[in-house]
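Tertiary structure, described
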Amino acid sequence: QKNNFWCKLCVCILISLKLVCLIMLYYRGGAQSKAINYMLPNHIKCSSIGLNLGRSDSHHPDDNTTIFFVETSDKTNPSFLSMCSVESAARAHPGSKIVLLMKGLSAMKNTQTLGISLLNCFPNVEIRPLDLKELFAGTPLSLWYSRLRQWYQPYLIPILSDACRLVLMWKYGGIYLDTDIIVLKNLLNLTNCIGREQQYLLNTAFMAFDRRHGFIGQCLTDFVEHYNGWIWGHQGPQLATRVLKKWCQKTSITKIQQCKGVKMLPPEAFYPIHWQDWKKYFEVMSKSEAQKLLDNSYALHIWNKKSGGTRFQIGSKVMIDQLTSVYC
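Here's a quick rundown of the structure. (Residues numbered from 1 in each chain as written. Predicted model: local features only at pLDDT ≥ 70, side-chain atom pairs only at ≥ 80, totals over all residues. Heavy atoms only, no water.)

1. Some thoughts on the packing of aromatic side chains
Counted under the stated rule, the structure contains 19 aromatic pairs. Taken together, a centroid distance of 6.0 Å and an interplanar angle of 35° make the contact between F223 and Y227 tilted. Judged by its relative accessible area of 0%, F223 is buried. Chaining the aromatic ring pairs together yields one cluster made of F136, W144, Y145, F223 and Y227. The ring of Y298 has K185 lying over it, and the distance from NZ or CZ to the ring centre is 5.9 Å. (Phe/Tyr/Trp six-rings, centres within 6.5 Å; stacked < 30°, edge-to-face > 60°. Buried < 20%, exposed > 50% of the residue type's maximum accessible area, 1.4 Å probe, protein only. Lys NZ or Arg CZ within 6 Å of the ring centre and 35° of its normal.)

Below, the structure is given as structure tokens:
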């Protein structure tokens, strides 16, 4: 019995020592992490940035078209891909205003993070607080938002993003882009158009419309009348697809290229790589292969819902590495 007692005591002491070591490592690691984050500069000195990279197919004069991005989470430090998206748009459109609206920013205080400081180096980039109540005011989405039970929505952040892009196109017009799109070419020649993800399905990661366009008006009405927050994409790609069918009075959009002032761009324009093949962005690809794939593309959707968190090595020659080294 004495032997059993001492054995149990030794086991307890060993377990306690392991726990103490783990706790020390945890707090030590946390302190180091905090120190590294704390040392990142919130205000940086901007070097000279050349915006005109000569990648546009033709010369575009300064334009009053605004390109919008939105962040509907409470993040205040943009991710690498978000920064790349905004930067690629700024470089491809040196004469246009690039606006990033962020819900996590407060209009009452100056929030400055490394990502915001870097993006502020671009003279045509503006980062503004996103006030959803104010944005939706005067549209069918105002009442919907006031009654929305946010805690009951499994896809709240993407649904708010779907709502914002429609209201921005309705109130202001211009171009809307998701924050996981890398812009390759100037987009100013695209007006009143939307891209196909597949022949039978539109995608709203890119939209370009005149202010108060009738198609967008119908999208706003459908957003509220057929709202369903429990189905992924119901308020985004599926909404645009079903509204276009009504707009064109067709049962299918597969053969429609243009209808009543709305143009549908082919999948290769923005979605040459399907979401199911998103890993191709993180595979090695020769420059000739990449160029062949991208010849007919204006921009690339990186499918952050799938690819988010996937790491790549700088200089690894995977496709995303080649893209970011040229456009970001």
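2. Notes on the pairing of strand β4 (residues 174–177)
The pairing of strand β1 (residues 66–71) with β4 spans two bridges and is classified as parallel. Note that in β4 the partner of I67 across the bridge is I175. Pairing geometry for β4 and strand β7 (residues 201–209), over four bridges, is antiparallel. Each residue of the ladder has a partner; that of L177, found in β7, is F206. (Pairing = 2+ DSSP bridges. Helix = DSSP H or I, 4+ residues; strand = E, 2+ residues; numbered from the N terminus.)

3. Overview of the packing of helix α10 (residues 287–294) against helix α12 (residues 319–327)
How two helices pack is summed up by the angle between their axes together with the distance between the axes. Between α10 and α12, the shortest axis-to-axis distance is 11 Å and the interhelical angle comes to 75°. Relative to α12, the element α10 lies roughly perpendicular. In this structure, α10 uses K287, A290, L293 and L294 to contact α12, whose residues at the interface are M319, Q322 and L323. Here the residues of the contact of α10 with α12 are counted per class, giving five nonpolar, one polar and one charged. (Axes fitted to C-alpha atoms, helices over the stretch in contact; angles between N-to-C directions. Parallel < 35°, antiparallel > 145°, perpendicular 65-115°, else oblique. Contact = heavy atoms within 4.5 Å. Nonpolar A, V, L, I, M, F, W, Y, C, P; charged D, E, K, R; others polar.)

4. Some points on the sheet that holds strand β6 (residues 193–198)
Overall, mixed pairing links the eight strands, which are arranged β3-β2-β1-β4-β7-β6-β9-β8 in an open sheet. Each edge of the open sheet carries a strand with a single partner, namely β3 (125–129) and β8 (258–259). Across five bridges, strand β2 (residues 97–102) lies against β3 in parallel orientation. In the sheet register, L100 faces β3, and the bridge partner there is I127. Across the sheet, helix α6 (residues 156–171) is in contact with β1, β2, β4 and β7; its angle to β7 comes to roughly 40°.

5. Thoughts on the pattern of salt bridges
Counted by the stated rule, this structure contains eight salt bridges. One salt bridge connects R165 with D178, and the closest N-O pair in it is separated by 3.1 Å. Of this pair, R165 sits in helix α6 while D178 sits in the loop between β4 and β5 (181–183), placing them 13 residues apart in sequence. When the shortest N-O distance is used, the salt bridge between R242 and D222 registers 2.8 Å. Taken together, the residues span a long stretch of sequence, with R242 in helix α8 (residues 237–248) and D222 in helix α7 (residues 214–225) at a distance of 20 residues. On the accessibility criterion, R242 (18% relative accessible area) is buried. One salt-bridge network, held together by shared partners, links K97, E126 and R128. (Salt bridge = Lys/Arg side-chain N within 4 Å of Asp/Glu carboxyl O.)

6. Concerning unusual backbone geometry
For W303, which is not glycine, the phi dihedral falls at a positive 60°. With respect to the secondary-structure elements, W303 resides in the loop between β10 (299–301) and α11 (304–307). The exposure class assigned to W303 is buried, which follows from its relative accessible area of 9%. The backbone of K317 shows a phi angle near 70°, a positive value even though the residue is not glycine. Considering the arrangement of structural elements, one finds K317 in the loop between α11 and α12.

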